[in-house]
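# Close look at the chain arrangement
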Amino acid sequence: MTLKEKVYWTFECYPDGRTADEIAIELGKDGLGILSVRPRVTELVKTDMLVDTGKRRKNSSGRNAIVWRARL
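## A few points about the nonpolar core
Within the largest apolar cluster, 13 residues are counted, with the highest numbers of intra-cluster contacts made by V7, F11, I23, V37, V41 and L50. Broken down by secondary-structure element, the contributors of at least two residues to this core are helix 1 (3-12), helix 2 (20-28), helix 3 (34-46) and strand 2 (64-70). No other element matches the four residues that helix 2 contributes to this core. Among all residues touching L50, those that are not within four sequence positions of it are Y8, F11, V41, L44, V45, W68, R69, A70 and R71.

Next up, the structure:
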């Protein structure tokens, strides 16, 4: 399974959506970091596999981050 597939699969596990940082934390248990996850999120957004839920949550730096969900 590619990293992009892992990121997408993780989003599929959270139908209410997650931020890129939240997905990175989840995948961090497998040794992956935010610098590996964020580009995969961008790729998934560009290919319409992730959609913006319209929600925002604070990330680790205190900025508002988009809550994404897998396109069903």
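## A word on the pairing of strand 2
Where strand 1 (residues 50-58) lies against strand 2, six bridges are found, and the strand directions are antiparallel. Looking at strand 2, one finds that R57 is bridged to A65.

## Thoughts on the environment of V37
With respect to the helices and strands, V37 occurs in helix 3. Under the relative-accessibility criterion, V37 is labelled buried at 0%. Residues V37 and L3, spaced 34 residues apart in sequence, show a C-alpha to C-alpha distance of 7.9 Å. When near neighbours in sequence (up to four residues on either side) are disregarded, V37 contacts V7, A20, I23, A24 and L27.

Definitions and cut-offs
- Residues numbered from 1 in each chain as written.
- Predicted model: local features only at pLDDT ≥ 70, side-chain atom pairs only at ≥ 80, totals over all residues.
- Heavy atoms only, no water.
- Core = buried A, V, L, I, M, F, W, Y, C linked by side-chain atoms within 4.5 Å.
- Buried < 20%, exposed > 50% of the residue type's maximum accessible area, 1.4 Å probe, protein only.
- Helix = DSSP H or I, 4+ residues; strand = E, 2+ residues; numbered from the N terminus.
- Contact = heavy atoms within 4.5 Å.
- Pairing = 2+ DSSP bridges.

Remember, this is a structural readout, not a statement about activity or role.
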